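Examination of the molecular architecture
Here is what each chain is made of, one letter per residue.
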Amino acid sequence: RLMTDVPFGVLLSGGLDSSLVAAVTKRHLIKTEAAEKFGAELHSFVVGLEGSPDLIAAREVADHLGTIHHEFHFTVQDGIDAIEEVIYHDETYDVTTIRASTPMFLMARKIKALGVKMVLSGEGSDELLGGYLYFHFAPNKEEFHKETCRKVKALHQYDCLRANKATSAWGLEVRVPFLDKEFINVAMSMDPEWKMYNADLGRIEKWVMRKAFDDEEHPYLPKHILYRQKEQFSDGVGYNWIDGLKAFTEQQVSDEMMKNAAKVYPHNTPVNKEAYYYRMIFERLFPQESARETVPWGPSIACSTPAAIEWVEQWKASHDPSGRLIASHNSASANHTNHANANANGNSNGKANCNCAMAANGTNGVGLVVANGTANGKMEA
C-alpha cells in the first residue's frame with residue numbers, strides 16, 4: 001500500500017487505529033520508492049471543531065512520530081452547509097454515516113487541494129477486533145464473534161462507504177491496510193477471547209492488537225494513546241458537532257411532520273428529526289424506490305448491528321446511535337484524561353479504543369500550504 005506514483009498520506013485522528021497506521025508507515029516509508037519520489041517526511045492532517053478530542057490527540061501523536069502536522073478546523077455551520085452534498089455523494093440517509101462523512105468530506109477537499117491523491121486509513125480494525133464500546137456487553141465469545149462477522153460483512157454499507165465516497169467526491173483515493181485479506185484471516189481465525197474486554201484479566205477491547213504494539217524498547221505510540229478509548233469519528237471531531245446537528249434539525253422538522261413520518265416514509269421510517277431531515281434530502285436527490293431500498297436500516301447504538309441491541313435492554317429505547325450513550329464511555333474531559341493515564345501507567349485494566357482521521361505525505365501539495373501562509377499550522381475549513 002506504499003506503492004504509489006502520487007503524493008500520499010495517512011489519515012490521523014490520534015485514535016489507536018489511525019495512529020498505528022501512521023506509526024507503521026513512518027517506520028517503513030524511508031525504504032520505499034515513494035520516499036525517493038516525494039520525500040521521507042510524513043505530513044499529518046486532522047479535522048475537528050476547535051478543541052475537539054481528535055485535534056488534541058492527533059497533535060500529540062504527530063509530535064511523537066515526528067510528522068509535519070496540519071490541523072483543519074470546521075464549524076458546525078460549515079458541516080450543516082455541506083450535508084446535502086454529503087448525502088448526494090454518499091447515497092445514504094443513515095444517520096451515523098452522514099454525521100461521520102461530513103467532516104471527512106470537508107477535509108478531503110483540503111487534502112486534495114494540497115496535491116495529495118491517496119491516503120491510508122484505519123477503517124476495518126474495529127469490525128475485525130470488536131473495538132466498538134458496545135462489544136463490552138457481548139454475553140459470550142460466540143456472540144462476540146458473530147457480531148464481528150456481521151460488522152465485517154456490512155462494511156461496504158457503512159464505514160467503507162463513508163471513507164470511499166466522502167473522499168472520492170474530491171478525487172482522493174483511500175487505502176485500508178487493516179482490511180488486507182491476510183490480516184482479515186488472522187484476525188477472524190483467532191480465539192475471540194483475545195479481543196474481548198475483561199476487567200478481571202486486565203484486558204481492554206482490542207487487547208491483542210494493543211499488546212502486540214506495546215513495545216517498551218521501541219515504542220510505536222505513547223502509552224495513553226495506545227490505550228485511548230474509542231471515539232466514533234463523528235464524536236471525536238467535537239461533541240458540539242452532533243449536538244449542533246440535533247439542534248439544527250429540531251428547527252427544520254416539525255412535530256407534525258414526525259407524527260406523519262410513517263405515512264410519508266413507510267419504508268425505513270425515520271425515528272427522530274435528524275433522521276427525517278436527512279431522509280427529506282435523500283428523497284429529493286434520489287426519488288426512486290430502488291434507491292431508498294439500498295440503505296440499511298434498524299436500531300443501532302455505538303455502531304452496533306440491530307442484533308446486538310438485544311444484549312442490553314435499555315438500548316432498545318434509544319434513538320441516538322452515538323457511542324457516548326454507552327455506559328462505559330468516558331467524556332473527553334478530565335475523566336477521559338485520568339482514564340487514559342491510568343491505562344498507560346497500570347496494567348491496561350480499563351476501557352480504551354481507537355478512532356480515525358488524517359495525515360499526508362508528498363512535497364507537492366505541502367508547498368501549497370506554505371504558499372498560503374499556513375505551514376505546520378491551521379487552515380480554516
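Note that the structure is predicted; figures quoted are calculated from it, not measured.

**Digging into the overall build of the protein**
- Secondary structure summary: the protein contains 19 helices and seven strands in total.
- Within the protein, contacts between residues at least 6 apart in sequence are counted, and of these 76% link residues at least 24 apart.
- If you sum the accessible surface of the protein, you get close to 15,800 Å²; carbon and sulfur atoms cover 51% of it.

**Section: the sheet that holds strand β4 (residues 118–120)**
- An order of β1-β4-β5 is seen for the three strands of this open sheet, with the pairing classed as parallel. Whereas interior strands pair on both sides, the edge strands pair on one side only; in this sheet they are β1 (8–10) and β5 (173–175). Neighbour to neighbour, the strand axes of the sheet diverge by 25° on average, direction disregarded.
- Two elements, β1 and β4, share three bridges in a ladder whose sense is parallel. Opposite G9, over in β4, you have V119 as the bridge partner.

**So, the nonpolar core**
- I111, L221 and Y278 are the most contacted members of the largest nonpolar core, which totals 84 residues.
- Top element by residues in this core is helix α5 (residues 95–113). It accounts for eight residues.

**Focus on the pattern of salt bridges**
- By the definition in use, this model includes 22 salt bridges.
- With its nearest N and O atoms 2.8 Å apart, the salt bridge here joins K206 to D17. Taken together, the residues span a long stretch of sequence, with K206 in the loop between α9 (181–189) and α10 (207–212) and D17 in helix α1 (residues 16–29) at a distance of 189 residues. Across this residue pair, the class does not change: K206 and D17 are buried.
- Residues joined by salt bridges that share partners form a network here, namely D17, D126 and K206.

Reading guide: rules and limits
Residues numbered from 1 in each chain as written. Predicted model: local features only at pLDDT ≥ 70, side-chain atom pairs only at ≥ 80, totals over all residues. Heavy atoms only, no water. Helix = DSSP H or I, 4+ residues; strand = E, 2+ residues; numbered from the N terminus. Contact = heavy atoms within 4.5 Å. Areas by Shrake-Rupley, 256 points an atom, 1.4 Å probe, with all protein chains shown as cover. Pairing = 2+ DSSP bridges. Axes fitted to C-alpha atoms, helices over the stretch in contact; angles between N-to-C directions. Core = buried A, V, L, I, M, F, W, Y, C linked by side-chain atoms within 4.5 Å. Buried < 20%, exposed > 50% of the residue type's maximum accessible area, 1.4 Å probe, protein only. Salt bridge = Lys/Arg side-chain N within 4 Å of Asp/Glu carboxyl O.

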